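# Structure assessment
What follows is each chain in one-letter form.
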Amino acid sequence: MRIAVFHELRSLSGARKVLEEYGKILSKDHIINLYYVDEYEDSNASKIFNKVFFFKFIEKRWEGNNWSAKIYKDTIELIKLFFLHKRIASIIKKDKYDFIFVNPSKYTQSPFLLRFLDKTVYFCQEPLRIVYDDFLEIPKNLNLIKKIYEKLNRRIRKAIDKGNIKKASIVLANSLFSKKNIERAYNMEVSLCYLGVDTEKFRPLNIKKDYDLLFIGEKADIEGYDLLKDTLGLYKKPPIVGFVSRNKNGSGINEDDLIRKINKSRIVLSLSRNEPFGLIPIEAMSCEIPVIALNEGGLSESVIDGMTGFLINANPKELKDKIDLLLNDSNLRNKLGKAGRDRVLDNFTWEISVNNFLNLSKRIL
């Protein structure tokens, strides 16, 4: 088949990783051409895709003080992006593809491109969170003018996102949790397509354990850092914690270092609020490291409580109890770790994910 792939994802983001893994597998048997929008060219893309088409787009930076930049981002920048996507769609139409594999946008969530093309498969990793996630409600300490502006802006962005996704031929979700949220937000049919992990790379290594706990993510409440901090406060002598940054701005640890750091840890924590699916648990389980995760979002679909790790409520004492249980019982850690890798091999490899993706996409043909 001939497949066009579109994205405007942040580098080193989880969704970008998904796209690259899909590209590696799909390019073995199909013609896969990439069309992407970014500020800088991706030197790695040509190693994965048959042809690569880069469209430069310089995003306005806004750090929270310059309101002229904020207004530009919410108006002129979106208009420019709309017409850029219209031009990209006209270029894609000139070549004959079996379908278009569309990925989320760091600017609008559902990209404008969906409005201009037929036979599109949109992998919606999550709904537009600033609109649909209660955890990200408008801060109460904003002054009245800023609060009115933010309400209006969110309403406009909601309309853009919803108008775009409604044009997709097929919408995929990465978990049952995401599927339910997307169907509720957009009132449309959504198909389930779980993500995966490279089990050849993410595997157990015989190396020294340097950390009792590994926390992967930003030091922010939405990532569960507040829960970790409160839990550590319950200890007289807290466990040794390793930290890994894999943040939304695209900076962070490379994959080889991540694999080593996971293997250097006795327990991996996955504490993000309302995580759509989460690669962290299945990457840790693939390395035979037990996971303690919040019993919410997509995390509860990959981790089996008491079998591959533990699922907890966002409660410091509950987290501490599970940490202590695992740290004091190496046999239990080994048992959960081996069961975790078996679960990944049976359910969460990239090959399984891509095969499911192709079967779902063929409904367009």
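Sequence order as written defines the numbering, with residues in each chain counted from 1. Only residues with pLDDT of at least 70 get local features here, since the model is predicted, and only at 80 or more are side-chain atom pairs given and counted; chain-wide, interface and lining totals rely on the full set of residues. To get the side-chain values, take all heavy atoms of the structure and skip hydrogens and water.

## Re the overall build of the protein chain
A count of helical and extended segments in the protein chain gives 14 helices and 12 strands. Here the globule rule is a power law, 2.2 Å times the number of residues to the power 0.38, and the radius of gyration is based on C-alpha atoms. The C-alpha atoms of the protein chain give 21 Å as radius of gyration, which agrees with the globular expectation for 365 residues (21 Å, within 12%). On the principal axes, the C-alpha backbone points of the protein chain span a range of 60 × 55 × 35 Å. Within the span of the protein chain, comprising 365 residues, buried residues form 51% of the whole. We call two residues in contact whenever any of their non-hydrogen atoms come within 4.5 Å of each other. Once local pairs closer than 6 in sequence are excluded, the contacts in the protein chain between residues at least 24 apart make up 66%. By the counting scheme adopted, Arg and Lys are positive, Glu and Asp are negative, and His together with the chain ends is not counted. Positions of charges follow a simple convention, taking NZ of Lys, CZ of Arg, CG of Asp or CD of Glu. Side chains of the protein chain give 62 positive and 48 negative charges; the mean places of these two sets differ by 4 Å. In this text, helices come from DSSP runs of H or I with a minimum length of four residues, and strands from runs of E with a minimum of two, each type numbered from the N-terminal end. Think of it in three bands: with a 1.4 Å probe and only protein chains considered, a residue is buried below 20% of the maximum accessible area for its type, exposed above 50%, and partly exposed in between.

## As for unusual backbone geometry
The phi torsion at N187 lies on the positive side, around 55 degrees, for a residue other than glycine. Even without a glycine there, the phi angle at E288 is positive, about 65 degrees. In this fold, E288 is placed in the loop between α10 (279–286) and β11 (291–294).

## What to know about the side chain of N153
In this fold, N153 is placed in helix α6 (residues 144–165). With residues up to four places along the chain from it excluded, the contact list for N153 reads K70 and D74.

## Section: helix α3 (residues 67–74)
What α3 keeps buried is the set A69, K70, K73 and D74. Relative to the axis of α3, the buried residues are bounded by an arc of 130 degrees and lie together on one face. In this description, one arc is meant: the one made by directions from the helix axis to the C-beta atoms.

## Some details on the pattern of salt bridges
For this analysis, a salt bridge means a side-chain nitrogen from Lys or Arg found within 4 Å of a carboxyl oxygen belonging to Asp or Glu. Inspection of the entire model under this criterion finds 21 salt bridges. D38 is the salt-bridge partner of R16, the closest N and O atoms lying 3.9 Å from each other. Within this pair, whereas R16 is found in helix α1 (residues 14–26), its partner D38 is found in strand β2 (residues 31–38), the two being separated by 22 residues in sequence. Neither R16 nor D38 differs from the other in exposure class; each is buried. Note that E21 and K24 form a salt bridge whose closest N and O atoms lie 3.6 Å from each other. Here K24 and E21 lie together in helix α1, a separation of 3 residues that amounts to about one turn. Among the residues examined, E21 registers a relative accessible area of 7% and is labelled buried.

## Here's the deal with the sheet that holds strand β7 (residues 191–192)
Pairing between two strands requires that DSSP report at least two bridges joining them. Read from one edge to the other, the open sheet built from 7 strands follows the order β3-β2-β1-β4-β5-β6-β7, with strand pairing classed as parallel. The two strands at the open ends of the sheet, each matched to only one other strand, are β3 (51–56) and β7. Pairing of strand β1 (residues 2–8) with strand β4 (residues 99–105) involves 5 bridges; the strand directions are parallel. If you follow V5 over to β4, its bridge partner there is F101. With axes taken as lines fitted to C-alpha atoms, and helix axes fitted only over the stretch in contact, angles between N-to-C directions fall between 0 and 180 degrees. On the sheet, helix α14 (residues 350–361) packs against β4, β5 (120–123), β6 (170–173) and β7 and is oriented at approximately 155 degrees with respect to β6.

## A look at the packing of helix α8 (residues 225–232) against helix α12 (residues 316–327)
Between α8 and α12, the least distance of the axes is 9 Å, while the angle of their chain directions is 70 degrees. As the angle between them shows, α8 and α12 are arranged roughly perpendicular. Taking contact as the criterion, the partners of L227, D230 and T231 in α8 are, on α12, P316, L319, K320 and I323. By the convention adopted, Pro, Cys, Tyr, Trp, Phe, Met, Ile, Leu, Val and Ala count as nonpolar, Lys, Arg, Asp and Glu as charged, and the other residues, Gly among them, as polar. Considering only residue class, the contact of α8 with α12 consists of 4 nonpolar, 1 polar and 2 charged. For classification purposes, angles smaller than 35 degrees are called roughly parallel, those larger than 145 roughly antiparallel, those between 65 and 115 roughly perpendicular, and all remaining angles oblique.

## Points about the sheet that holds β11
As summarised here, the arrangement of the 5 strands in space is β9-β8-β10-β11-β12, forming an open sheet in which the pairing is parallel. Edge positions in the sheet fall to β9 (241–244) and β12 (309–312), since each of these pairs with one other strand and no more. Put simply, the sheet's adjacent strands are angled 20 degrees from each other on average, direction ignored. Strand direction decides the pairing type here: strand β8 (residues 211–216) and β9, joined by 4 bridges, are parallel.

## Thoughts on the nonpolar core
Nonpolar side chains tend toward joint burial in soluble globular proteins. Remark: nonpolar core denotes a set of buried residues (Ala, Val, Leu, Ile, Met, Phe, Trp, Tyr, Cys) joined through side-chain atoms within 4.5 Å. Counting residues in each nonpolar core, the largest one holds 71 residues, and the members touching the most others are Y22, F101, I262 and F357. Tallying contributions element by element places α1 first for this core, with 6 residues. Ignoring anything within four residues of it in the chain, the contact list for I262 reads F202, L214, I216, V268, E283, A284, C287 and I289. Grouped together as the second largest cluster of nonpolar side chains are 34 residues, L113, F116, Y122 and Y186 included.

## Re the packing of aromatic side chains
Side-chain rings of Phe, Tyr and Trp (the six-membered ring for Trp) are treated as a pair once their centres are within 6.5 Å; stacked means planes under 30 degrees apart, edge-to-face means over 60, and tilted covers the remaining angles. Applying the stated criterion to the full structure yields 19 aromatic pairs. An aromatic cluster is defined as three or more aromatic residues linked by ring pairs; in this entry it consists of Y22, F99, F101, F123, W350 and F357. Definition used: whenever NZ (Lys) or CZ (Arg) falls within 6 Å of the ring centre and also within 35 degrees of the ring normal, the charge is taken to sit over that ring. The aromatic ring of Y72 is capped on one face by K60, whose charged end is 5.1 Å from the ring centroid. Across from the ring centre of F310, 4.6 Å away, lies the NZ or CZ of K322, which sits over that ring.

## A look at a positive patch on the surface
Together, K151, R155, K158, K162 and K166 line one region of the surface with positive charge. Take K166: its relative accessible area is 40%, and that puts it in the partly exposed class. To count toward a patch, a residue needs a relative accessible area above 30% and no salt bridge. Like charges then connect within 9 Å, nonpolar side chains (Val, Leu, Ile, Met, Phe, Trp, Tyr) within 5 Å. Accessible areas in this description were obtained via Shrake-Rupley with a 1.4 Å probe; residue shielding takes into account the shown protein chains only.

## Thoughts on the side chain of S353
Summarising the element assignment, S353 is placed in helix α14. For the purposes of these results, a polar contact is taken to be a pair of N or O atoms within 3.5 Å, where, inside protein, one atom must be able to donate a hydrogen and its partner to accept one; residues adjacent in sequence count only when each atom of the pair is a side-chain atom. Looking at S353, its side chain comes within polar contact range of the side chain of Y22, at 2.6 Å. Not counting chain neighbours up to four residues away, the residues in contact with S353 comprise Y22, C193, Y194, L195 and G196.

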